[in-house]
Amino acid sequence: MENCLFCKIVNGDIPSDKVYEDDRVFAFRDINPQAPFHVLVVPKKHVASVAEIDKLEDSEVAACLRAVAKIAADASLSGGFRVISNCGPDACQSVPHLHFHILGGRQMADKMA
Ligand code: 5GP
Ligand code: ZN
């Protein structure tokens, strides 16, 4: 999608620190990490958020979550990790291309919000 930041990252028009890629998914380090490990996992196909998940094939949704698990395993996040997908203004979503944050490498706050 034109003028979408994460579409430009997926296409290589904007550089990123890539950690994983397959035919459906792209993952890269967050530019402003909130934890020692902070990676964003995005479908290559543009959809705005989880609210538009019906626009993706089931295989694309599954590929995103399988990538989350693989990336976390490869990073040896033995203590666990947190997966977040902000959806819309109440959740403070700032980039309207579906993405899953993987946060790890430290103890997370007990409260989620
Ligand atoms: P949201 O607030 O939409 O859930 O998350 C968007 C995330 O994208 C933020 O954590 C922000 O730091 C990250 N981000 C914004 N612009 C860039 C960029 O140009 N490159 C990378 N790697 N991350 C970005
Ligand atoms: Zn996009």
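Refer to the structure presented above.
In this text the structure is predicted, and so the values were computed from the model without any measurement.

## Points about the pattern of salt bridges
Then comes step 1: In this structure the tally under the stated criterion is seven salt bridges.
Then comes step 2: Note that Asp17 is salt-bridged to Arg29, the shortest N-O span being 3.5 Å. Within this pair, whereas Asp17 is found in the loop between helix 1 (5-11) and strand 1 (18-21), its partner Arg29 is found in strand 2 (residues 25-29), the two being separated by 12 residues in sequence.
Then comes step 3: Note that Glu60 is salt-bridged to Lys45, the shortest N-O span being 3.9 Å. With a gap of 15 residues between them, Glu60 in helix 2 (residues 58-74) and Lys45 in the loop between strand 3 (37-43) and helix 2 connect regions that are remote in the sequence.

## Considering the packing of aromatic side chains
Then comes step 1: One pass over the structure, following the stated rule, counts two aromatic pairs.
Then comes step 2: Relative to Phe28, the ring of Phe26 has its centre 6.0 Å away and its plane inclined at 45°; by these criteria the two rings are tilted.
Then comes step 3: The class for Phe26 is buried, based on a relative accessible area of 5%.
Then comes step 4: Looking at Phe28, the relative accessible area reads 3%, which means it is buried.
Then comes step 5: By way of ring pairs, the aromatic residues Phe6, Phe26 and Phe28 are connected into one cluster.

Calculation rules
- Residues numbered from 1 in each chain as written.
- Chains lettered and ligands numbered in written order.
- Predicted model: local features only at pLDDT ≥ 70, side-chain atom pairs only at ≥ 80, totals over all residues.
- Heavy atoms only, no water.
- Salt bridge = Lys/Arg side-chain N within 4 Å of Asp/Glu carboxyl O.
- Helix = DSSP H or I, 4+ residues; strand = E, 2+ residues; numbered from the N terminus.
- Phe/Tyr/Trp six-rings, centres within 6.5 Å; stacked < 30°, edge-to-face > 60°.
- Buried < 20%, exposed > 50% of the residue type's maximum accessible area, 1.4 Å probe, protein only.

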